[in-house]
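# Analysis of the macromolecular model
Chain by chain, the residues:
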Amino acid sequence: TETMLYVLRNLPPGLVAGVTSVGTDGEGRDLVTGTHKPEIYLRKGTVFATAEKYYAARKLSAEILAVDSASTAAGRIVTARALTGGTAVISGPPTTQALARWISSLEGYGVGFTLVDGALGRVSSASPTVSESLILTTGAALSADMDTLIRETGYAVRKITLPIAERCGNSDPDRLSGGLWTVDRSGIWTAISGYPAFTDGIVLPEGPGNIFLAGALTERVASLLERAGKGGERNVIVADFTKIFLSLRAYSAFLRAGWRISVLRKSELTGITVNPVSPDGFRLDSRVLRERLAAETGLPVYDIMSDKSIGFVEAL
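In what follows, the accompanying structure is described. (Residues numbered from 1 in each chain as written. Predicted model: local features only at pLDDT ≥ 70, side-chain atom pairs only at ≥ 80, totals over all residues. Heavy atoms only, no water.)

## Side note on the pairing of strand S13 (residues 234-238)
So the rule is basically this: Throughout this description, buried means an accessible area under 20% of the type-specific maximum (1.4 Å probe, protein chains only), exposed means over 50%, and partly exposed covers the range between. Here a strand is any run of E in DSSP of at least two residues, a helix any run of H or I of at least four, and the numbering for each starts at the N terminus. Pairs of strands are assigned from DSSP output, requiring at least two bridges between the strands.
Here S13 lies mainly inside the structure; five of its five residues are buried. Burial along S13 is two-sided: the residues Arg234, Val236 and Val238 and Asn235 and Ile237 are all buried. Summarising the sheet, strand S11 (residues 209-214) and S13 pair through four bridges and their orientation is parallel. When the sheet's bridge partners are listed, Gly209 is paired in S13 with Arg234. In the sheet, S13 pairs with strand S15 (residues 259-263) via five bridges, with the strands oriented parallel. The partner of Arg234 across the bridge, within S15, is Trp259.

If you want it as structure tokens, here you go:
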């Protein structure tokens, strides 16, 4: 949220921004942890989406542009334009599909740049089917141990930057039903036995080759593939990095077993922002953290809570 607010504050004058969240942000205090959360300040002209309950409590003047028929626990999703600057709690479309539709609808309101505030454990909004690019945020809230923080953030970057797989044949893998599929050199897709429940294990064709997984790469599926994939290096293809649900340990074991992972669609990782201060006040050395993360990932790293983030918005 701090990163989103930093970007909003520094957008060029006249650029109309669209703003929403996959969670609930701007309420001042986290409803689960009880820790402080920043208020969401929206400048005049910003188009935003939030639930009816929070729209009614906004501290700005706005005009309603649309109301979604689908309802959430806090009411229907309202799309509105801020007529004055002020604060609001934002809680946007509840599903990935609804979020993608909302972003597409903003073209009709003159929006030139859309920001979606993500949430820990809900990476689906970062899928390239929804967002053109993403900013990875990390910091002491993830771990007070810098080695662990560097290792886990580096792993996240590795997943986001996985290579794009070469599509084979004329079929669109996105249209395939769930399960595992192979494709031969003639472009013929064949379902692999053992799905949907994988209760009887997985039987793979002999030798190396590409396997498309129309679903999530979980630790259980990875373990079954490891046991079935003897006899040559193999590559499993998933839709995008948000379909990978492996711990770093399981991911490393999967690669050691001779498997590789590629994606149909790749997200553009713009950069990394860090907050060296945890919610309970523990502080890491910002300079050391940024330098080590940059060395680990090869990407620009910004501490937007300090003046060392100059150039961050320009880099977007």
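There is more to say, and it comes next.
## Quick look at the nonpolar core
Basically, it comes down to this: Buried Ala, Val, Leu, Ile, Met, Phe, Trp, Tyr and Cys residues that are joined via side-chain atoms within 4.5 Å together make up what is termed a nonpolar core. Residue contacts are defined here by distance: any two heavy atoms, one from each residue, within 4.5 Å place the two residues in contact.
Core analysis: the biggest nonpolar cluster contains 25 residues, and Leu217, Leu225 and Ile261 have the highest contact counts within it. Sorting elements by how many residues they give to this core places helix H5 (residues 219-228) first, with five residues. Beyond its immediate stretch of four places on either side in the chain, Leu225 contacts Leu180, Ile202, Leu204, Leu217, Val236, Phe254 and Trp259. With 19 residues, the next largest nonpolar core counts Met4, Ile40, Val78 and Ile90 among its residues.

## Quick look at the pattern of salt bridges
The line we're drawing: Think of a salt bridge as a Lys or Arg side-chain nitrogen and an Asp or Glu carboxyl oxygen that are within 4 Å of each other.
Going through the model one piece at a time under the given rule, you end up with five salt bridges. Across the salt bridge formed by Glu52 and Arg76, the nearest N and O atoms sit 2.9 Å from each other. Here the residue Glu52 occupies a position in helix H2 (residues 52-56), and Arg76 occupies one in strand S5 (residues 75-82), the gap between them amounting to 24 residues. On the basis of relative accessibility, which here comes to 36%, the residue Arg76 falls in the partly exposed class. Glu291 is the partner of Arg287 in a salt bridge, and the nearest nitrogen-oxygen pair spans 3.1 Å. With a gap of four residues between them, Arg287 and Glu291 both fall in helix H7 (residues 286-297), about one helical turn apart. A residue is classified by how much of its surface remains accessible, and Arg287, at 45% relative accessible area, is partly exposed. The exposure class assigned to Glu291 is partly exposed, which follows from its relative accessible area of 46%.

## Things to note about the layout of surface pockets
Where empty space is left can be seen by rolling a probe of water-molecule size over the atoms. Note the following rule: Using a grid of 1 Å spacing that covers the protein atoms alone, one calls a set of points a cavity when a 1.4 Å probe fits there but cannot get out, and a pocket when the set is open and has protein on both sides within 12 Å along at least five of seven lines; lining residues are those with an atom within 4 Å of a point. Grid points are joined across faces, edges and corners, and a volume is the space filled by probe spheres set on the points. Classification used: nonpolar for Ala, Val, Leu, Ile, Met, Phe, Trp, Tyr, Cys and Pro, charged for Asp, Glu, Lys and Arg, polar for all others including Gly.
Size it by volume and the second largest pocket reaches roughly 180 Å³. Elements that contribute at least two residues to the lining of the second largest pocket include exactly strand S4 (62-72), S5 and helix H3 (96-105). Here the lining of the second largest pocket takes four residues from H3, the largest share from any one element. The residue inventory of the lining of the second largest pocket, partitioned by class, reads seven nonpolar, two polar and two charged.

## Section: the sheet that holds strand S16 (residues 268-275)
Ordered in space as S8-S16-S17, the three strands form an open sheet in which the pairing is parallel. What marks the edges here is a single partner per strand, and that holds for strand S8 (133-139) and strand S17 (301-302). Judged from the two bridges that link them, S16 and S17 form a sheet pairing that is parallel. Note that in S17 the partner of Thr273 across the bridge is Tyr302.

## Some remarks on the sheet that holds S5
Across a sheet, strands are paired by hydrogen bonds formed along the backbone, either parallel or antiparallel in direction. The condition is simple: Helix axes are fitted only over the stretch in contact, all axes being lines through C-alpha atoms; the angle between N-to-C directions runs from 0 to 180 degrees.
On the basis of which strands lie adjacent, the open sheet formed by five strands has the order S4-S5-S3-S1-S7 and mixed pairing. Since the sheet does not close on itself, it has two edges, and those belong to S4 and strand S7 (113-117), each with one partner. Between one strand axis and the next, the sheet turns by 20 degrees as a mean value, whatever way the strands run. Judged from the five bridges that link them, strand S1 (residues 17-21) and S7 form a sheet pairing that is parallel. Opposite Ala17, over in S7, you have Phe113 as the bridge partner.

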